[in-house]
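# Chain and residue survey
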Amino acid sequence: MKVLLWGCGKNSDKVKAYLKKCIDDLNIVAWCDKNYECIKQKDGVKVISPKEAIKLYKDKKIEAIIPTVSPRVLNSIVHELHNNGIKECYYVFENDLKEKSDIKLKMRKISTQKPSLEYFEFHVCDHCNLNCKGCLHLSNACEESFADLEQYIKDIKRIREIFSAVHIIKLLGGEPLLNKELYKFIEITREIFPESELRVATNGILLNEQDKILFDCMKKNDAYFFISLYPPVKKIQDKIQKICVKNQVECVFTEYIDKFRKQINIEGGNDIEKSFKECRERMGYCFGLRNGKLSPCIATYIHFLNFKFNKNIPVTENDELDIYSTEYDGWEFINRLYSPIPLCEFCGEAEEFEWKCGSTEPKIEDYVLTN
């Protein structure tokens, strides 16, 4: 198979090695990179410009274009292919690159008519068993609340219509292990997004109480536990690890978390561009899906805060994007998700405080800046 690999960065060698296992007759005709004038060659093969790469494909001298870049960079390549009339390319997703022994090696065809989405997270429940002081998700300030499975199915089918793929999906809460139907959310997520890395973010304390059906579902659907390493979790880390090993389910622990932070300035007035930049540098992207809305940031949690403490921080249609709107396509969604939103006005310089659980009587000062 004659292919062109697009991107000579740090991920390219890993993708090349993977493709050699996928394709018996792999023939890398050329590499493409925006820095082609500097790189010239990679592994003895010529590095060419994007313009040359597109011509090579249109002249049928290659059978496939395969980007080797990160999910965040992928859309720029896909958009360029789309603008030049190329309707599809191939991509090796990070979840496939893990090369699990029981997962068939593959590369996946993606449409260039739509962008891919780097990430989204979804609350399968809002409440939690730890009730951490100042929880960013307001889980210790929420009543017991479980997600509606039918609404979730409807929403993720719509997400699939808007985007060609989703790279990472995180099911969380609250504490997701409190939801006895968690396995159903996992099953339908994997059915609709076969390419995605599928995480269940949990504190892990309730793992020893879970039915076998959850572990079997996790294993079958190639999902793993993403475990927040709080002080009480660290004490039972070995126990959690053994439970996962016994049930043949992968678990990954975060860095040790002994501090939380608050950054909400209830008065607003902060520089939106500055707040956005600082937040993204520190937190990355936290796209949240809830009840037909895709939020670039913490819009959902501001609703919780407003309700609990009788506040009125405004949440606009620009803070929560209606996924059923016909006003914009997938490319416009991407543009909006990666741009500052009005709520950025209410984020100030973060203050750290010692982590503490068991906060059953939350105070507004736990979440908002007091200066």
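The notes below deal with the structure included here. Source: prediction; values computed, not measured. (Residues numbered from 1 in each chain as written. Predicted model: local features only at pLDDT ≥ 70, side-chain atom pairs only at ≥ 80, totals over all residues. Heavy atoms only, no water.)

## Topic: unusual backbone geometry
The peptide bond linking glycine 173 to glycine 174 adopts the cis configuration, its omega dihedral lying at 25°. For glycine 174, the position within the fold is in the loop between strand 9 (166-172) and helix 7 (182-192). For aspartate 43, which is not glycine, the phi torsion reads 55° and is therefore positive. Locating aspartate 43 in the fold gives a position in the loop between strand 3 (41-42) and strand 4 (45-48). The backbone of asparagine 291 sits at a positive phi, close to 45°, despite the residue not being glycine. Within the secondary structure layout, asparagine 291 lies in the loop between strand 14 (288-290) and strand 15 (293-295). Looking at asparagine 291, the relative accessible area reads 56%, which means it is exposed. (Helix = DSSP H or I, 4+ residues; strand = E, 2+ residues; numbered from the N terminus. Buried < 20%, exposed > 50% of the residue type's maximum accessible area, 1.4 Å probe, protein only.)

## Some thoughts on empty space enclosed by the protein
Taken as a whole and assessed by the stated rule, the structure comprises three cavities of 30 Å³ or more. By volume, the largest cavity is sized at about 80 Å³. What lines the largest cavity is Glu121, Phe122, His123, Cys286, Gly288, Leu289, Arg290, Cys297, Ile298, Ala299, Thr300 and Tyr301. At the level of elements, strand 8 (117-123), strand 14 and helix 12 (299-309) are the ones that each hand at least two residues to the lining of the largest cavity. Tallied by class, residues from the lining of the largest cavity come to seven nonpolar, three polar and two charged. Taken as a whole, the second largest cavity spans an internal volume of roughly 40 Å³. In terms of lining, the second largest cavity is formed by Gly134, Cys135, Leu136, Leu138, Arg261, Lys262, Gln263, Ile264, Asp366 and Tyr367. (1 Å grid on protein atoms, 1.4 Å probe; cavity = no way out; pocket = protein on both sides within 12 Å on 5 of 7 lines; lining within 4 Å. Points joined across faces, edges and corners; volume = space filled by probe spheres on them. Nonpolar A, V, L, I, M, F, W, Y, C, P; charged D, E, K, R; others polar.)

## Notes on the sheet that holds strand 3
With respect to topology, five strands assemble into an open sheet ordered 3-4-2-1-5, the strand pairing being mixed. Looking along the sheet, the strands with just one partner apiece sit at the ends: strand 3 and strand 5 (64-67). Along the sheet, helix 1 (residues 12-22) makes contact with strand 1 (2-6), strand 2 (27-32), strand 3 and strand 5, crossing strand 2 at roughly 165°. (Pairing = 2+ DSSP bridges. Contact = heavy atoms within 4.5 Å. Axes fitted to C-alpha atoms, helices over the stretch in contact; angles between N-to-C directions.)

## Structural notes on helix 6 (residues 149-162)
Its 14 residues place the ends of helix 6 20 Å apart at the C-alpha level, agreeing with the 20 Å of an ideal helix rising 1.5 Å per residue. On its buried face, helix 6 sits against strand 8, strand 9, helix 7, strand 14, strand 15 and helix 13 (330-337). Put simply, aspartate 148 is the residue that caps the front of helix 6, since its side-chain oxygen is 3.0 Å from the backbone nitrogen of glutamate 150. (Expected span 1.5 Å × (residues − 1). Polar contact = N/O pair within 3.5 Å; in protein donor to acceptor, adjacent residues only side chain to side chain.)

## Notes on the packing of helix 7 against helix 8 (residues 212-220)
Each pair of packed helices gets described by two things: the angle between the helix axes and the distance between those axes. At a closest axis distance of 9 Å, the pairing of helix 7 and helix 8 adopts a crossing angle of 15°. Between helix 7 and helix 8, the crossing angle belongs to the class labelled roughly parallel. For the element pair helix 7 and helix 8, the recorded crossing hand is left-handed. Contacts from Leu182, Tyr183, Ile186 and Glu187 of helix 7 reach helix 8 at Ile213, Leu214, Cys217 and Met218. Here the residues of the contact of helix 7 with helix 8 sort into seven nonpolar, no polar and one charged. (Parallel < 35°, antiparallel > 145°, perpendicular 65-115°, else oblique. Left-handed = near helix turned anticlockwise from the far one by under 90°.)

## Description of the packing of helix 6 against helix 7
Interhelical geometry of helix 6 versus helix 7 gives an angle of 20° and a closest axis separation of 10 Å. Considering the angle they form, helix 6 stands roughly parallel to helix 7. Helix 6 and helix 7 meet at a crossing whose hand is right-handed. Taken together, the residues of helix 7 that come into contact with helix 6 (itself represented by Leu149, Tyr152, Ile153, Ile156, Lys157 and Arg160) are Lys184, Phe185, Ile188, Thr189 and Ile192.

## Quick notes on the side chain of glutamate 175
Structurally, the position occupied by glutamate 175 is in the loop between strand 9 and helix 7. Of the buried charged residues, glutamate 175 lacks a salt bridge, with lysine 180 as the closest side chain of opposite charge at 9.9 Å. Separated by 3.0 Å, the side chain of glutamate 175 and the backbone nitrogen of leucine 177 make a polar contact. Those residues in contact with glutamate 175 that lie beyond four places of it in its chain are Cys125, His127, Cys128, Asn129, Thr202, Asn203, Gly204 and Leu206. (Lys, Arg positive; Asp, Glu negative; His and termini not counted. Salt bridge = Lys/Arg side-chain N within 4 Å of Asp/Glu carboxyl O.)

## Some details on the layout of surface pockets
Quantified by volume, the largest pocket comes out at close to 1,300 Å³. Lining of the largest pocket is provided by 45 residues; of these, Leu136, His137, Lys170, Tyr230 and Met283 occupy positions nearest its centre. When contributions to the lining of the largest pocket are tallied by element, the ones reaching two or more residues are strand 8, strand 9, strand 10 (197-202), strand 11 (223-229), strand 13 (259-264), helix 11 (272-283), helix 12 and strand 17 (347-354). Per-element tally for the lining of the largest pocket: the top contributor is strand 13, with five residues. In terms of residue class, the lining of the largest pocket is built from 24 nonpolar, ten polar and eleven charged. Its volume calculated, the second largest pocket comes out at about 550 Å³. Contributing to the lining of the second largest pocket are 27 residues, with Thr68, Val69, Ser70, Val73 and Ile77 lying nearest its centre. Elements with a contribution of two residues or more to the lining of the second largest pocket: helix 4 (71-83), helix 5 (94-97) and strand 9. Ranked by residue count, the leading element in the lining of the second largest pocket is helix 4, at five residues. In terms of residue class, the lining of the second largest pocket is made up of eleven nonpolar, nine polar and seven charged.

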